[in-house]
Amino acid sequence: MKWMVEVERLAAEVDVAELMAEAGKARITSNAPLPTNDPNKRSIRFLDSSGEPRKLGFAAALFDFSPTNVITPHGHTNMVSSHLVVGGKFRVRNFDRLRDEDGAMIVRPTRDYLAETGAISTMSSARDNVHWFVPQGGGATTFDVIISEIDKAQGDTRITAIDPVGGQTLEDGSIRAPIMEFEEASDKYVATI
Ligand SMILES: [Fe+2]
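Being a predicted model, the structure only gives us computed values, none of them experimental.

A separate point is the overall build of the protein. What the protein contains, in helices and strands, is three helices and 13 strands. Over its C-alpha trace the protein gives a radius of gyration of 17 Å, about what one expects of a compact globule, namely 16 Å for 193 residues. For the protein, the spread of C-alpha atoms along the three principal axes comes to 55 × 40 × 30 Å. Buried positions account for 30% of the 193 residues belonging to the protein. In the protein, once contacts between residues fewer than 6 apart in sequence are set aside, the share between residues at least 24 apart is 69%.

Right, dumping it as structure tokens:
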């Protein structure tokens, strides 16, 4: 949680153009496209003064969304991440992950807003663990920082797609969202939802 607050504070001070100029000096490699409707991921390796990749405690990447690419709703285990909008704008939806049940996550909607260039979205286990990104009015790009395997005792970092729209609303307003495969999620969660 503290990390999220600090990153959000930092993002308020970051000049997106300067950040992108810095990223432009790094080694950027395109990842292999996924079979889903995900944005194209480009991994960023920042280099030291001798041109060697720096060993950092986090991973950085750019996600380039076509107007129809979507990051479908999913939860994260044993990781934190931040997503700075560096081009275009997104509809961002978040949910707190209240607990896990057999085949489902119990989630509560927390945010649904338009994030324009310069805005940042963060997630952790404590807050907004589920996120969902849909570009608005054209293509858009995020600059992401990801810290994986925060707690070795928790094992591997995992991401899990869920179906909050197809979920069941419980008495307290939370949603029992079934776990689904990312391929299935990509078919259902198109940019118009
Ligand atoms: Fe994610």
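That covers the picture; the talk isn't over yet.
Further remarks concern the environment of Ala-59. Checked against the element boundaries, Ala-59 lands in strand β3 (residues 59–65). On the basis of neighbour counts, which here come to 15 C-beta atoms within 10 Å, the residue Ala-59 falls in the partly exposed class. In sequence terms Ala-59 and Ser-148 are 89 residues apart; their C-alpha atoms lie 8.2 Å from each other. Each residue touching Ala-59, except ones within four places of it in the same chain, is listed here: Ile-146 and Ser-148.

Moving on to the sheet that holds strand β10 (residues 140–148). The sheet built from six strands is open, its strands ordered β1-β2-β3-β10-β5-β8 with antiparallel pairing. Looking at the sheet topology across the chains shown, the edges are occupied by β1 (27–30) and β8 (120–123). Strand-to-strand twist of the sheet, defined as the mean angle between neighbouring strand axes without regard to direction, takes the value 20 degrees. Of the pairings in the sheet, the one linking strand β5 (residues 79–87) to β8 comprises four bridges and is antiparallel in character. Its bridge partner lying in β8, Ser-82 is registered against Thr-122. Contacts from helix α1 (residues 2–13) reach β5 and β8 within the one sheet, and its direction differs from that of β8 by about 170 degrees.

Following the sequence through the fold, Gly-166 ends up in the loop between β11 (158–161) and β12 (168–169). Classification of Gly-166 as exposed rests on a count of 11 C-beta atoms within 10 Å. A C-alpha to C-alpha distance of 43 Å links Gly-166 and Pro-53, two positions 113 residues apart in sequence.

Phi is positive for Asn-78, which is not a glycine, with a value near 65 degrees. Structurally, Asn-78 is set in the loop between β4 (71–77) and β5. Phi angles above zero are rare outside glycine, and Glu-149 is one such case at about 45 degrees. Along the chain, Glu-149 falls in the loop between β10 and β11. The exposed category is assigned to Glu-149, around which 11 C-beta atoms lie within 10 Å.

Thresholds, definitions, all that
- Residues numbered from 1 in each chain as written.
- Predicted model: local features only at pLDDT ≥ 70, side-chain atom pairs only at ≥ 80, totals over all residues.
- Helix = DSSP H or I, 4+ residues; strand = E, 2+ residues; numbered from the N terminus.
- Rg over C-alpha atoms; globule rule 2.2 N^0.38 Å.
- Buried ≥ 20, exposed ≤ 12 C-beta atoms within 10 Å, placed from the backbone.
- Contact = placed C-beta atoms within 7 Å.
- Pairing = 2+ DSSP bridges.
- Axes fitted to C-alpha atoms, helices over the stretch in contact; angles between N-to-C directions.

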